[in-house]
Amino acid sequence: MKLNERSLAFYATCDSPADNAGFLYKRGERHTAYHRRWFVLKGNMLFYFEERDSREPVGVIVLEGCNVELCDSAGDFAFAIRFGGTKSRTYVLAAESQAAMESWVKSLSRASFDYMRLVVRELEKQLQEMSRGLAGGCGGSQEPWKLKPSGVEQSRERLPALPAILPKENGCAVWNNALGADRLPDTSGCDGHDEEGSPRPPPLPPRRRVSNGEAASAGAAVAENPSTFCRLHEQYSREVARLRQDWHQRRRGPRP
């Protein structure tokens, strides 16, 4: 197997999350002495560094076609990564505690693609069994399963249909007339629900009525019929100036 050293070094030191990381004691291939190394597990690749802050890994172990076994005679908290084949190397590692050893053995045993393939097959099998169970529980009906409409959707279906053309008043559409705002409110239900228990839409605000004073002022303004924009501007300017003067006087209070 050919591996790109630069790509492996970048993958080992990048910010991607690691499946497991920590110090382990690794036994040498020629010399049986143990050396403390920093191990990082990412996917099916086990990288080991001389120190925790090293920029490049010393080596990498591809965890495919291997078995993780405990070693009783090699030392305390020791385990081995054995590959199939007569000329394959066996890596002997040792942890610093029982909990660390169990964590590493569990992580390494689940790192290969063979294990992931078995998990996917088992999940697919369970999904097929659940699908058959749901199909049998429906009584063999061929109709597709649909969600039951909620109470809000049912209340929307009961709303009266709007007319195609809304009535207008002064050139504007009147919403209150469209939904019958002049009718008396329905008091058959309580707490905002009708007789069937479905929520009713909120009441619409009453339509604003024009007072006599506003109608008279509007009629006077129309009667004057200013011919130019300047005359209209002067009229409203004098009115604003008068209101502003009255406001200043009220703010200062009565004169002594």
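By the naming in an unreviewed UniProt entry, the chain goes by Sesquipedalian and is assigned to Panurus biarmicus. Entered under Sequence similarities (unreviewed entry) in the UniProt record, the comment concerning the chain runs "Belongs to the sesquipedalian family."

The subject of this paragraph is helix α1 (residues 5–13). The set of residues buried in α1 consists of L8, A9 and A12. With its buried residues spanning 100° around the axis, α1 presents them on a single face. Exposed and oriented more than 90 degrees from the buried face of α1 are R6 and F10. Considering only its buried residues, α1 is in contact with β2 (34–42), β3 (45–49) and β4 (59–62).

A few words now on the pattern of salt bridges. Tallied over the full model, the rule gives six salt bridges. Note that R82 is salt-bridged to E69, the shortest N-O span being 2.8 Å. Separated by 13 residues along the polypeptide, R82 in strand β6 (residues 78–83) and E69 in strand β5 (residues 66–71) bring together distant segments of the chain. Residue classification places R82 among the partly exposed positions, given a relative accessible area of 36%. By relative accessible area, E69 is classed as partly exposed at 34%. With a shortest N-O distance of 2.8 Å, R117 and D114 are connected by a salt bridge.

This next bit is on the nonpolar core. Among the nonpolar cores identified, the biggest contains 19 residues, and L46, L63, F79, I81, W104 and L108 are the most heavily contacted of them. Secondary structure elements with two or more residues in this core: β2, β3, β5, β6, β7 (91–94) and α2 (98–109). A total of four residues in this core trace back to one element, the largest contributor, which is α2. Beyond its immediate chain neighbours, meaning those up to four positions away, I81 contacts L46, L63, C66, N67, R89, T90, Y91, L93 and L108. Core analysis: the next-biggest nonpolar cluster, separate from the first, contains seven residues, V40, M45, F47 and F49 among them.

Reading across the sheet, the seven strands line up as β4-β3-β2-β1-β7-β6-β5 and stay open at both edges, with antiparallel pairing between neighbours. At either margin of the open sheet sits one strand with a lone partner, and together these are β4 and β5. Each strand of the sheet is rotated relative to its neighbour by a mean of 35°, with strand direction disregarded. In the sheet, β2 pairs with β3 via five bridges, with the strands oriented antiparallel.

Attention now goes to unusual backbone geometry. Keep in mind that most residues, glycine aside, have a negative phi and that most peptide bonds are trans. A positive phi is found at F77, a non-glycine position, where the angle reads about 55°. Along the chain, F77 turns up in the loop between β5 and β6. Residue class for F77 comes out partly exposed when judged on its relative accessible area of 30%.

Right, let's get into the pairing of β3. The buried fraction of β3 amounts to five of the five residues, a majority that puts the element mostly inside the structure. Neither face of β3 is open: one carries M45, F47 and F49, the other L46 and Y48, and all of them are buried. In textbook terms, the turn of a hairpin is the stretch between consecutive antiparallel strands, and for β2 and β3 this stretch comprises two residues, one of which, G43, has a positive phi near 65°. Two elements, β3 and β4, share four bridges in a ladder whose sense is antiparallel. When the bridges of β4 are listed, F47 appears paired with V60.

Definitions and cut-offs
- Residues numbered from 1 in each chain as written.
- Predicted model: local features only at pLDDT ≥ 70, side-chain atom pairs only at ≥ 80, totals over all residues.
- Heavy atoms only, no water.
- UniProt positions renumbered as here; feature names shortened; annotations may be inferred.
- Buried < 20%, exposed > 50% of the residue type's maximum accessible area, 1.4 Å probe, protein only.
- Helix = DSSP H or I, 4+ residues; strand = E, 2+ residues; numbered from the N terminus.
- Arc of directions from axis to C-beta.
- Contact = heavy atoms within 4.5 Å.
- Salt bridge = Lys/Arg side-chain N within 4 Å of Asp/Glu carboxyl O.
- Core = buried A, V, L, I, M, F, W, Y, C linked by side-chain atoms within 4.5 Å.
- Pairing = 2+ DSSP bridges.
- Axes fitted to C-alpha atoms, helices over the stretch in contact; angles between N-to-C directions.

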